[in-house]
Amino acid sequence: MKHILIVGALGQLGSEIALALRRKYGDNSVVLTDIRDDINRQLIESGPFYKVDCRDAKALADIVQNHHIDTVYHLAALLSATAERSVQAAWDINMNGLMTTLEIARTFRCAVFTPSSIGSFGPSTPKRFTPQDTIQRPTTMYGVTKVAGELLCDYYYHKYDVDTRGVRFPGIISSMTPPGGGTTDYAVEIYYAAVAKHCYECPLAGDTYLDMMYMPDAVDAAIRVMEADPAKLRHRNAFNVASMSFCPEDIAAYIRTHIPDFTITYRIDPVRQAIANSWPDCLEDYAARVEWGWNPKYDLASMTADMLAHVGARNQTGGSPCSQTN
Ligand code: SER
């Protein structure tokens, strides 16, 4: 029987990984923590929840001990655009938060999942079909913490035999919990704007290619890599995982197949654009496919249909066309 702790459970990834794990292992076997407790009451009330800062070692150790935790999903982090604005906080939360979890895992013999990111790459990384093992010289604080996190997780595995595993996520698109402070957030916002107003003002240039993934595939990756046969893992942390790569013009074209009068305009955010320009266009993910069976289900067409259906169902009121609102 698994006993799982999710640190940072109310964020975009955490809230859906929590749902999937509670469905799979039972509500009481999946303990959630987050620094907030003012969102997603339904999730909070469906099983054990504690309001805890991810750097609070004592509180987390008590939870791990009291709930006999054997696996920790460490999902608390500041994303790329926020991290560029709050450099010291990003280092503190992303690194000391992870270190806290790793130390607890070492003490209580837990397995640890930690997401890395396409942000762990930089301008000197091969841009297309970025290999699993390649140059990682990121130029963002988010990327610095992600590379350091990958190395730290490998270190804890080799030195202390902590069962650390992880994937490099691209931009994650979902309709349940919004992302916050990421460079790839536009690919979520665009669907809400399309449903509400039939138009979207995009912070990235129209030809900016980035890897993206629909949430059901991201949840599958996080659970599947943790349940993989360790004997088959040549890598452990930071598996490249890819399912689709697109630019704002592409996503707009797919939205137009459902909302023909949808328009996209551009007001470039220089911070986000510089970050996006430093990241790969698309990753190669052979290692994840052969070592633990990574096999994403969604492409841009099927994700767009699903996102518009979910966002549309929630936004029954409809919206005014762009020309009347701008
Ligand atoms: N979605 C993240 C960001 O944009 C990338 O991992 O910061």
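See the structure shown above.
Here's what I pulled together on the structure shown here. Numbers given to residues run from 1 along each chain, matching the order in which its sequence is written. Totals for whole chains, interfaces and linings use every residue, but because this is a predicted model, local features are given only for residues with pLDDT of at least 70 and side-chain atom pairs only at 80 or more, for both listing and counting. Only hydrogens and water are set aside; all other atoms, that is, all heavy atoms of the structure, feed into the side-chain values.

## Remarks on the environment of Arg 22
Then, number 1: Helix and strand assignments come from DSSP, with helices taken as H or I runs of at least 4 residues and strands as E runs of at least 2, each series counted from the N terminus. Inspection of the secondary structure puts Arg 22 in helix H1 (residues 12-25).
Then, number 2: Put simply, Arg 22 and Ile 4 are 18 residues apart on the chain and 9.3 Å apart in space, counted from C-alpha to C-alpha.
Then, number 3: What makes two residues a contact is simply this: any of their non-hydrogen atoms within 4.5 Å. In this structure Arg 22 touches Asp 27, Val 30, Leu 32, Leu 43, Ser 46, Gly 47 and Pro 48, once residues within four positions along its chain are discounted.

## Some thoughts on the site of the ligand
Then, number 1: All residues in the neighbourhood of the ligand are listed as Leu 79, Ser 80, Ser 117, Tyr 142, Phe 169, Gly 171, Gly 182, Thr 183, Thr 184 and Trp 279.
Then, number 2: Ser 80 places a side-chain nitrogen or oxygen 2.6 Å from an oxygen atom of the ligand.
Then, number 3: Two N or O atoms count as a polar contact when they lie within 3.5 Å, although within protein this holds only if one can serve as hydrogen donor and the other as acceptor, and sequence-adjacent residues are included solely when both atoms are side-chain atoms. One of the side-chain N or O atoms of Thr 184 is found 2.8 Å from a nitrogen atom in the ligand.
Then, number 4: Computed with the Shrake-Rupley method and a 1.4 Å probe, the accessible areas treat only the protein chains shown as cover for residues. For the ligand, the protein covers 93% of the area, taking 240 Å² as the surface of the free molecule.
Then, number 5: Here the residues of the shell around the ligand are counted per class, giving 4 nonpolar, 6 polar and no charged. Whether a residue is near a molecule or strand depends on its heavy atoms: if one lies within 4 Å, it is near. Each residue is assigned to one class: nonpolar for Ala, Val, Leu, Ile, Met, Phe, Trp, Tyr, Cys and Pro, charged for Asp, Glu, Lys and Arg, and polar for all the others, Gly among them.

## A few points about the pairing of strand E12 (residues 210-214)
Then, number 1: Counting buried residues along E12, 5 of its 5 residues qualify, which places the element largely inside the surrounding structure.
Then, number 2: Along E12, one buried face is formed by Leu 210, Met 212 and Tyr 214 and the opposite face, lined by Asp 211 and Met 213, is buried too.
Then, number 3: In terms of strand pairing, strand E10 (residues 171-173) meets E12 through 3 bridges, oriented parallel. In the strand pairing of E12, Gly 171 is matched with Met 212.
Then, number 4: Alignment of E12 against strand E14 (residues 244-246), held across 3 bridges, turns out to be antiparallel. Counterpart to Leu 210 in the pairing with E14 is Phe 246. Here's how the labels work: a residue is buried when its accessible area is under 20% of the maximum for its type, exposed when over 50%, partly exposed in between, all with a 1.4 Å probe on protein chains only. The pairing criterion is simple: DSSP has to find at least two bridges between the two strands.

## Side note on the nonpolar core
Then, number 1: In terms of nonpolar packing, the biggest core is built from 64 residues, with Ile 173, Tyr 191 and Phe 246 touching the most fellow members.
Then, number 2: It is helix H7 (residues 186-197) that contributes the most residues to this core, 8 residues altogether.
Then, number 3: Residues in contact with Tyr 191, not counting those within four places in the same chain, are Ile 173, Ile 251, Ile 255, Leu 300, Met 303, Thr 304, Met 307, Leu 308 and Val 311. The term nonpolar core refers to a set of buried residues drawn from Ala, Val, Leu, Ile, Met, Phe, Trp, Tyr and Cys, joined through side-chain atoms within 4.5 Å.

## Section: the state of the cysteines
Then, number 1: Count a disulfide wherever a pair of cysteine sulfur atoms falls within 2.5 Å. This structure, assessed with the given rule, holds 0 disulfides.
Then, number 2: The thiol sulfur of Cys 153 is not disulfide-bonded, and the nearest other cysteine sulfur, from Cys 54, lies at 13 Å.
Then, number 3: With no disulfide partner, Cys 282 has as its closest neighbouring cysteine sulfur the one in Cys 247, 12 Å distant.
Then, number 4: For Cys 282, a relative accessible area of 7% puts it in the buried group.

## Comments concerning the layout of surface pockets
A probe matching the size of a water molecule, rolled over the atoms, marks out where space remains unfilled.
Then, number 1: Only protein atoms enter the 1 Å grid used here, on which a cavity is any set of points holding a 1.4 Å probe that cannot leave and a pocket is any open set flanked by protein within 12 Å on both sides along at least five of seven lines; residues with an atom within 4 Å of a point are listed as lining. Grid points are joined across faces, edges and corners, and a volume is the space filled by probe spheres set on the points. The volume enclosed by the second largest pocket comes to roughly 200 Å³.
Then, number 2: Considering the residues around the second largest pocket, the lining is formed by 16 residues, among which Asp 133, Asp 154, Arg 168, Asn 237 and Ala 238 are closest to the centre.
Then, number 3: For the lining of the second largest pocket, the element with the most residues is helix H6 (residues 141-160), which contributes 6 residues.
Then, number 4: Residue composition of the lining of the second largest pocket, by class: 4 nonpolar, 6 polar and 6 charged.

## Things to note about the packing of aromatic side chains
Then, number 1: Two aromatic rings from Phe, Tyr or Trp, using only the six-membered ring of Trp, form a pair when their centres are within 6.5 Å; if the ring planes differ by under 30 degrees the pair is stacked, by over 60 it is edge-to-face, and anything between is tilted. Scanning the entire structure with this criterion turns up 8 aromatic pairs.
Then, number 2: For the ring pair Tyr 73 and Phe 113, a centre distance of 5.2 Å and an interplane angle of 35° mean the geometry is tilted. Placement of Tyr 73 in strand E4 (residues 71-74) and of Phe 113 in strand E5 (residues 111-113) is noted, with a sequence separation of 40 residues between them.
Then, number 3: For Tyr 73, a relative accessible area of 2% gives the class buried.
Then, number 4: Between Trp 292 and Trp 294, the aromatic rings sit 6.2 Å apart at their centres with planes inclined by 45°, giving tilted as the arrangement.
Then, number 5: Classification of Trp 292 as buried rests on a relative accessible area of 7%.
Then, number 6: Note on Trp 294: relative accessible area 2%, which makes it buried.
Then, number 7: Counted as over-ring charges are cases with an Arg CZ or a Lys NZ within 6 Å of the ring centre that also lie within 35 degrees of the ring normal. Here Arg 106 stacks its cationic end above the ring of Tyr 160, 4.7 Å away from the centre of that ring.
Then, number 8: Arg 236 extends its terminal NZ or CZ atom over the ring of Tyr 157, reaching a point 4.0 Å from the ring centre.

## With respect to the sheet that holds strand E2 (residues 30-34)
Then, number 1: Sheet architecture is open: 6 strands sit in the order E3-E2-E1-E4-E5-E8, paired in parallel fashion. What marks the edges here is a single partner per strand, and that holds for strand E3 (49-51) and strand E8 (164-165).
Then, number 2: Where strand E1 (residues 4-7) meets E4, 4 bridges bridge the pair, whose relative direction is parallel. In the strand pairing of E4, Leu 5 is matched with Val 72.
Then, number 3: Fitting a line to C-alpha atoms yields each axis, with helices limited to the stretch in contact; the angle taken between N-to-C directions then spans 0 to 180 degrees. Lying over the sheet, helix H5 (residues 87-108) contacts E1, E4, E5 and E8, oriented at roughly 175° with respect to E4.

## Examining the packing of H5 against H6
Then, number 1: Where H5 meets H6, the closest approach of the two axes is 10 Å, and the angle between their N-to-C directions is 15°. Classified by the interaxial angle, the pair formed by H5 and H6 is roughly parallel. For the pair H5 and H6, the crossing hand works out as right-handed. Contacts between H5 and H6 involve Val 87, Ala 90, Trp 91, Asn 94, Met 95, Leu 98, Met 99, Leu 102, Glu 103 and Arg 106 from the former and Met 141, Tyr 142, Val 144, Thr 145, Ala 148, Gly 149, Leu 152, Cys 153, Tyr 156 and Tyr 160 from the latter.
Then, number 2: Broken down by class, the residue content of the contact of H5 with H6 amounts to 15 nonpolar, 3 polar and 2 charged. Throughout, the term roughly parallel applies to angles under 35 degrees, roughly antiparallel to angles over 145, roughly perpendicular to angles from 65 to 115, and oblique to all others. In this scheme the crossing of two helices becomes right-handed for a clockwise turn of the near helix relative to the far one and left-handed for an anticlockwise turn of less than a right angle.

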